[in-house]
Amino acid sequence: MAFEKVPTQQVDFPALERAILEWWQRREVFEKLRKKNQNGPRWSFLDGPITANNPMGVHHAWGRTYKDAFQRYHAMNGKHLRYQNGFDCQGLWVEVEVEKELKLHSKRDIEELVPGDTFASIDYFVQQCKARVDKYARVQTEQSIRLGYWMDWDREEDWRKPPDQRRSYFTMSEENNYTIWTFLKKCHNRGLIYRGLDAMPWCPRCSVGLSQMEMAEGYQLVAHRAVFVRFPLRGRPGENLLIWTTTPWTLTSNVAAAVNPGLTYLKVRHKEQIYYLAKGAFTAQRLEEQWKRKEWIPGVPKLSTLEQHFKSKGGYEIVGAIQGADMIGWQYDGPFDELPAQQQQQTGAQAASAGRSPAAVHRVIAWKDVGETEGTGIVHIAPGCGKEDFQLSKEEGLPAVAPLDEYGVFLPGFGELTGKSALAATTTDWILDNLQQKGVLFAIEKYPHSYPHCWRCKTELLFRLVEEWFIDMSWRDEIKRVVEQVTFLPESINGKARELDWLTNMGDWMISKKRFWGLALPIWVDEETGEFEVIGSREELRERAVEGWDKFEGHTPHRPWIDLVKIRNPKTGNLMSRIPDVGNPWLDAGIVPYSTMYYNRDRAEWAKWFPADFITESFPGQFRNWFYAILAMSTMMENRPPVKVLLGHGLVRDQWDRPMHKSAGNAIPFEGAADEGYSLTDPKGKTEHYPPMGADVLRWMFARHNPAHNLDFGPIPAEEIRAKFLLKLWN
């Protein structure tokens, strides 16, 4: 059979692709395929939802290419598929973008969108979040169609329907939200939901706490002004503990100093003072390997050893040594004991310190985790400013001084610091000047380290003492047994071991967010007694409601309308109100093996498609995010794996093997790669414009790549693919 000759010069491949898409649509090829296979054996694919918050980048096309390829393969083998796309809708990622659109800067601004009316303000903001999701779900739908991705996409008439009635699933749907209520009710029935006080990673810009899984997403290499400060020992004139911290603002809330009982501590004379510090820390070559590997921040000097610090300040003499165990119980004066917050008598939960002020209880405590490769081997403990510190305070019966409000600003009781941001450079300046004036500041240095930032707005995190809601994860062994039943691919990345390691080491799951757009946590509290109940369905809430149902009915289960509904405590007769918190967004995505197949509405239909035969997503972060969420939630729901086979793939980087970031000018938008052309900035800062490469090149680059490895993407590898594969096939 002879083939027609094709043009070989200036072929517009993107235009040819668009013509094929139009041909598919005109001939209803996808619909014919579905009809042909409708009586075939089922093959269940579950889509991990893409966040409908911005247009797609080329990195989104990797997973979507896999999803399309696997579904096409099974369809070619006569399998009956669901073809349901998913959109992730709720959470801080959408809120932050809406705040930018509305030129807002804080939670306070959101609550004043309608001046003097918080309810109307929240309602308006939530509606704007919904509108943004709808806008970008439509954009991503069109982009996915342009990729050649076959799904049961929403049509124009579908977009006029509520999310529950559309073809794609939306995590903001009532079905999805109420199915999470079912999950949380099951947790509550086992006594696993609790309200806890903890020192949490906190974003002062978003005014929200971050869970363990979220905090892991936002580490950045930064340089902080670290300080060495002496704590004068009480009853030992002229003797001091030498401590070190990278967060000087936390010194205002110091309560204790921790040493390792098993370490040896030197007694170092410097001028007229004696300093205690760990023997190993004295000569430790601090961050030496990072310096050699150039994992450093430009302009930050190499770190000095403690010995070098003493030499540079006039010399030293080692006059003795002592075991850490012999220092336990020593008392000392803190650097900010004059503050009212340090002088206030404690009446809280720590019985051992009740009736005494934080300043009065300063003492040395034992902590076996104190090391001597960093700092001084003596750790300053501020229970209101650090997770490990707070845990130690509970073990030692110490008070917790909580210095910051939800915006990261010092509260009353902190003297001249009250009203100042803990993150502001001027605040650090004031603290260092104050320490210098008191004569307790030993040294200052710039210290480079990986420090957590908000994964959405990129603001540096603080640790803040706050009350949040948690799921006790003491049932992790049940989840592990479910994980063992899942096949993780590719085998070379050892995905099952990674998931099991995360389950072994994770803490309890923080499920609450003090925000506006998201799952309304179905927790109603009797504020007089502190008792709480978890509501498991819309029907249960309607039956229990004694106020507000008439106003809520007809609205989706979101703030602020859901907040109007009150129930009554059957034990006390008191009214119970819903907590204002919304849920962790991984609850939204984690429930989709149940909500998208109508677990609560049609259990028989759900059973036909559960568990999914296959899922695929990028693996680096999903072991602690979506993979974890679906595995944990399915264990609680049915004690069954939600999927049989899980395929992970690497990350898309630029052609110079750098992470893609819009701010660096090396992120490539999908529409630029497919049709419009795009600009790219190289490592030397030179920006060039490139023509579109078309969807076929993208798809082949992803399909041929080893999923275990990251993929370097850009015009050079694209042209190589075009020359070696596409043009040869065309000719």
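Note that the structure is a prediction, hence the values are computed from the model and not measured. (Residues numbered from 1 in each chain as written. Predicted model: local features only at pLDDT ≥ 70, side-chain atom pairs only at ≥ 80, totals over all residues. Heavy atoms only, no water.)

**Here's the deal with the sheet that holds strand β3 (residues 169-170)**
Taken together, three strands build an open sheet; the order of strands is β1-β2-β3 and the sheet is parallel. Both edges of this open sheet fall to β1 (50-51) and β3, since each of them pairs with a single strand only. (Pairing = 2+ DSSP bridges. Helix = DSSP H or I, 4+ residues; strand = E, 2+ residues; numbered from the N terminus.)

**Let's talk about the pattern of salt bridges**
Applying the stated criterion across every chain, the model contains 53 salt bridges. Two residues, D333 and R234, come together in a salt bridge whose shortest N-O distance is 2.7 Å. Of this pair, D333 sits in the loop between β11 (317-323) and α13 (340-343) while R234 sits in the loop between β6 (219-232) and β7 (239-245), and the two are 99 residues apart along the sequence. Residue D333 is classed as partly exposed on the basis of its relative accessible area of 34%. Accessibility expressed as a relative area gives 27% for R234, which makes it partly exposed. Where salt bridges share partners, they join R34, D152, D158, K161 and R167 into one cluster. (Salt bridge = Lys/Arg side-chain N within 4 Å of Asp/Glu carboxyl O. Buried < 20%, exposed > 50% of the residue type's maximum accessible area, 1.4 Å probe, protein only.)

**Structural notes on the nonpolar core**
Residues F183, L184, I471, W509 and F713 are the most contacted members of the largest nonpolar core, which totals 143 residues. The residues contacting F713, other than those within four sequence positions of it, are V58, V652, R653, D654, Q655, M660, I668, M693, L698, M701 and F702. In terms of nonpolar packing, the next biggest core, distinct from the first, is built from 68 residues, V255, W330, L339 and L432 among them. (Core = buried A, V, L, I, M, F, W, Y, C linked by side-chain atoms within 4.5 Å. Contact = heavy atoms within 4.5 Å.)

**Examining the sheet that holds strand β22 (residues 566-568)**
Ordered by their spatial adjacency, five strands build an open sheet running β20-β19-β23-β22-β21, and the pairing between neighbours is antiparallel. A strand with exactly one partner marks an edge of an open sheet, and here the two such strands are β20 (532-534) and β21 (545-547). This sheet shows a mean twist of 40 degrees between the axes of neighbouring strands, independent of strand direction. Judged from the two bridges that link them, strand β19 (residues 523-525) and strand β23 (residues 575-578) form a sheet pairing that is antiparallel. When the sheet's bridge partners are listed, V525 is paired in β23 with S577. Running over the sheet, helix α8 (residues 174-189) touches β19 and β20 and is turned about 130 degrees from β20. (Axes fitted to C-alpha atoms, helices over the stretch in contact; angles between N-to-C directions.)

**Thoughts on the packing of helix α4 (residues 92-101) against helix α6 (residues 118-146)**
How two helices pack is summed up by the angle between their axes together with the distance between the axes. For the pair α4 and α6, the least separation of the axes is 10 Å and the interaxial angle reads 105 degrees. Classified by the angle their axes make, α4 and α6 are roughly perpendicular. Taking contact as the criterion, the partners of V94, E95, E97, V98, E99 and E101 in α4 are, on α6, F125, Q128, C129, R132 and V133. For the contact of α4 with α6, the per-class residue count stands at five nonpolar, one polar and five charged. (Parallel < 35°, antiparallel > 145°, perpendicular 65-115°, else oblique. Nonpolar A, V, L, I, M, F, W, Y, C, P; charged D, E, K, R; others polar.)

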